[in-house]
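Architecture and fold: a report
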Amino acid sequence: MTVTYTARVANARFCGFSKLLLAWKGSIYKVLYKEFLAFFAMYTAISITYRCFLYEDQKRYFEKLAIYCNHYASLIPMSFVLGFYVTLVVNRWWNQYTSIPLPDRLMCVLSGGLQGTDERGRLLRRTMMRYASLSALLILRSVSTAVFKRFPTMDHVVEAGFMSREERKKFEGLHSPYNKYWIPCVWFTNLAAVARCEGRIKDDHTLKLLLEELNAFRGKCSMLFHYDMISVPLVYTQVVTLAVYSFFLVCLIGRQFLDPNQGYPGHDLDLYIPIFTLLQFFFYAGWLKVAEQLINPFGEDDDDFETNWLIDRNFQVSMMAVDEMYGDLPVMERDRYWNDSNPRPPYTAATLFVLRKPSFQGSTFDMAIPKEEMHFQPLEDIAENLEESGSRHPNMALFNRLLNVAPSPTGLMGGALRRTSAQLQRLRHSPSIDQCTSDDDDDNESVKIGKGGSLPSGLGQDTQSTVCSFREEKNATTPLLEIQFGAVQERQEGLPVVNEKKEVTEVEERINKEWEMTGNQEKQENSRERNQSVSLLLPPPQFSREKTMRPTSAISPFTSRHPSAFLFHPSVHSSLEHCSSQPAINQNRAVPTIPKPPFGGSKMSFLTVPSYDEPQRFRSVSMGSELTGS
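Only a predicted model underlies this, so the values are computations on that prediction, with no experimental measurement involved.

1. Some words on the overall build of the chain
Along its length, the chain carries 19 helices and 8 strands. When burial is assessed residue by residue, the chain has 38% of its 630 residues classed as buried. In the chain, the share of contacts with a sequence separation of at least 24, taken over all contacts with a separation of at least 6, comes to 78%. Accessible area of the chain: about 38,900 Å², with a carbon and sulfur share of 57%.

2. A closer look at the environment of Phe282
Structurally, the position occupied by Phe282 is in helix α12 (residues 275–294). Considered as a pair, Phe282 and Leu32 are 250 residues apart in the sequence and their alpha carbons are 7.8 Å apart. Those residues in contact with Phe282 that sit more than four places away from it in its chain are Ile28, Tyr29, Leu32 and Phe36.

3. A few points about helix α4 (residues 104–113)
Buried within α4 are the following residues: Leu106, Met107, Val109, Leu110, Ser111 and Gly113. Those residues of α4 that are buried are in contact with α5 (119–143), α9 (183–197), α10 (204–229) and α13 (307–324).

4. A few points about the packing of aromatic side chains
Under the defined criterion, the tally for this structure stands at 24 aromatic pairs. Ring geometry for Phe282 against Phe283: centres 6.4 Å apart, planes inclined by 75°, an arrangement best described as edge-to-face. Grouped by ring-pair contacts, the aromatic residues Tyr29, Phe36, Phe39, Phe247, Phe248, Phe281, Phe282, Phe283 and Tyr284 constitute a single cluster. Its end group placed over the ring of Tyr326, Arg125 keeps NZ or CZ at 3.5 Å from the ring centre. Above the face of the Phe171 ring, Lys180 is positioned so that its terminal group lies 4.7 Å from the ring centre.

5. Examining the layout of surface pockets
Picture a little ball the size of a water molecule; that probe, rolled over the atoms, points out where space is still empty. There is about 1,100 Å³ of room inside the largest pocket. As for the largest pocket, its lining consists of 32 residues, and the residues nearest its centre are Val3, Tyr5, Gly26, Ser27 and Asp303. Those elements that place two or more of their residues in the lining of the largest pocket are α1 (28–53), α3 (78–98), α12 and α13. Among the elements that make up the lining of the largest pocket, the one with the highest residue count is α12 (8 residues).

6. Things to note about the nonpolar core
If you look at the biggest cluster of nonpolar residues, it comprises 47 residues, and the most contacted ones within it are Leu110, Met128, Leu140, Val157, Phe188 and Leu210. Only α4, α5, α7 (154–159), α9, α10 and α13 provide two or more residues apiece to this core. No other element matches the 12 residues that α5 contributes to this core. If we skip the residues at most four places from it in the chain, Phe188 touches Leu106, Leu110, Met128, Met129, Tyr131, Leu210 and Leu214. Judged by nonpolar contacts, the second largest core, of 26 residues, contains Val81, Cys251, Ala291 and Leu294.

7. A closer look at the confidence of the model for the chain
In this model, the chain carries a mean pLDDT of 75, and residues with pLDDT of at least 70 account for 62%. Every residue in residues 408–412 scores below 50 in pLDDT, and together they form 6 contacts with partners more than four places removed in sequence or on other chains. In this model residues 430–504 is a low-confidence stretch, pLDDT under 50, and it forms 193 contacts with partners more than four residues away in sequence or in other chains.

8. Remarks on the side chain of Ser99
Tracing the chain through its elements places Ser99 in the loop between α3 and α4. Overall, the relative accessible area of 8% leaves Ser99 in the buried class. A distance of 2.9 Å separates a polar atom in the side chain of Ser99 from the backbone oxygen of Asn95. With near-sequence residues (within four places) excluded, Ser99 lies in contact with Lys220, Met223, Leu224 and Tyr227.

9. Some points on the pattern of salt bridges
Tallied over the entire structure, the rule returns 20 salt bridges. As a salt-bridge pair, Arg120 and Glu198 come within 2.7 Å of each other at their nearest N and O atoms. Linking Arg120 in helix α5 with Glu198 in the loop between α9 and α10, this pair joins segments that are 78 residues apart in sequence. Judged by relative accessible area, Glu198 falls into the partly exposed class, the value being 40%. The closest approach of N and O atoms between Arg168 and Asp155, which form a salt bridge, is 2.0 Å. With Arg168 in helix α8 (residues 165–173) and Asp155 in helix α7, the pair connects residues that are 13 residues apart, well separated along the chain. A relative accessible area of 22% means that Arg168 is categorised as partly exposed. Bridged by salt links that share partners, the residues Asp118, Arg120, Glu198 and Arg200 form one connected network.

10. Side note on the packing of α1 against α12
As a packed pair, α1 and α12 sit with axes 9 Å apart at the nearest point and diverge in direction by 130°. When the interaxial angle is binned, α1 and α12 end up oblique. For the pair α1 and α12, the sense of crossing is right-handed. Contacts from Ile28, Tyr29, Val31, Leu32, Glu35, Phe36, Phe39 and Phe40 in α1 reach Thr277, Leu278, Phe281, Phe282, Ala285, Gly286, Lys289 and Gln293 in α12. The residue inventory of the contact of α1 with α12, partitioned by class, reads 11 nonpolar, 3 polar and 2 charged.

The rules we used
- Residues numbered from 1 in each chain as written.
- Predicted model: local features only at pLDDT ≥ 70, side-chain atom pairs only at ≥ 80, totals over all residues.
- Heavy atoms only, no water.
- Helix = DSSP H or I, 4+ residues; strand = E, 2+ residues; numbered from the N terminus.
- Buried < 20%, exposed > 50% of the residue type's maximum accessible area, 1.4 Å probe, protein only.
- Contact = heavy atoms within 4.5 Å.
- Areas by Shrake-Rupley, 256 points an atom, 1.4 Å probe, with all protein chains shown as cover.
- Phe/Tyr/Trp six-rings, centres within 6.5 Å; stacked < 30°, edge-to-face > 60°.
- Lys NZ or Arg CZ within 6 Å of the ring centre and 35° of its normal.
- 1 Å grid on protein atoms, 1.4 Å probe; cavity = no way out; pocket = protein on both sides within 12 Å on 5 of 7 lines; lining within 4 Å.
- Points joined across faces, edges and corners; volume = space filled by probe spheres on them.
- Core = buried A, V, L, I, M, F, W, Y, C linked by side-chain atoms within 4.5 Å.
- pLDDT = per-residue confidence, 0-100.
- Polar contact = N/O pair within 3.5 Å; in protein donor to acceptor, adjacent residues only side chain to side chain.
- Salt bridge = Lys/Arg side-chain N within 4 Å of Asp/Glu carboxyl O.
- Axes fitted to C-alpha atoms, helices over the stretch in contact; angles between N-to-C directions.
- Parallel < 35°, antiparallel > 145°, perpendicular 65-115°, else oblique.
- Left-handed = near helix turned anticlockwise from the far one by under 90°.
- Nonpolar A, V, L, I, M, F, W, Y, C, P; charged D, E, K, R; others polar.

Following this line, the structure appears as structure tokens:
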């Protein structure tokens, strides 16, 4: 009988396994005591021979041999080899138990699916269930030594009532060199077909369900047969066995206590009995014995499966389910909680502590959340936050936070860094500029817009663009798209400017004259600006803010050596009020064309603005993109 100690370890307590150490049946002592005594006897014989029967020169040679064996014994991977082997054997052992065919599901389907209270119906049910039990008996008789000892011949099977004499003749009349445990299953299916033809199985669905359960039952019988035929590879078993035996044979010599007077390292004591070596033998050899006992659980060891008990139980239960219990129903009556909407079974005095425990509602049931975080947020705000978080660079939020804590927001470095951050963010989300000019388009004097009709550097998008305001005209917002860009290179060479407007205002003439007079001063300021640049955009001068606007024709191309094509002169500061950053032109609006710069081959910035000595007159100007002329 299998050793069962589950009830003794139902509750964990101090030294809970200590009582199990005294058990003998199924214990490691019972399995290993013979090998243990043999190992200890051989160790003692070698020790006595070394101490009493060897000469001095022989003792010295034996001591060198013992040190050598002890040094190289650790090269044998005992834990590695044994660990994997025992894990494989234990998994195989449990899988074999789950493959034992049990008739419980089959008998329930048969009892409910095959109708008939007469003798014919009873005979069909009992015969079909007996065929299933016979198939299980035949396969267990093939793999289990205990079952084979109980039913050594087919005469014993017939005498036990699992098979009739007529059935035995048919069984033996089918000549096959293979195991014929499957024949009763075929008889079962034939009887099921007969019952379906007689109308005792009402529909095909019930027949299908019955045959599916029979196939599952037969599949487990087949699995047991294959487990018996295909064992753990013999090579693996031999490797483990050789590793254990060779290790402890070496330990018989290497773990001997040597003469302390010789001064060998690690041999200062002479205890005669190798306590830790015996414990090591107990653990490793015991581990090997566990695998040896579990590799075939259909034997007669203490922990092997009780196959004969399973045969008796399955046969008795299955016959009772399909015969005596067929159609047997107790009288239905109202239960004691019929009028109770909250039924609760009673507790004994030993289980009253369960009532004191609160019912489990979930791991987050008692979680505390601040009240300010419990309010629902409008979906519009959530959508805007998601759009902003999706459009920003993952490191842009941290960069802006660092800029917000700058000591002087109006200072040169702080303001320049903030404006540079904003411009970089807009440049990152602006569409890339295609080749703005083409040699093939001679008739078109306007600058081509980026791919898909987009503007350079995000102009015309939903980002921020620069719009200049003036005093003389109110409510006239003119985007930068209407600003003409001069040809700096051709003005320097004295050539006429292509596409320049013929009507020039007084402000434009005054700008050109004063700009030519202050050319040297401009060069010095430009060199100073390049040294003070923080990023791609220089901090623009500041000026007062008003809502009045002036047509952008007041700004015209300049004749200058400065590399930028869009420049402001200090003389215009009297009329220039404000350059504010406001929402750019909507994408749905018509995009005006930009005049084509007459220069070619040189890369020039559209909106790069130098700094001046009058920071109070300007506010902010956004950075544009670069245009490569052709």
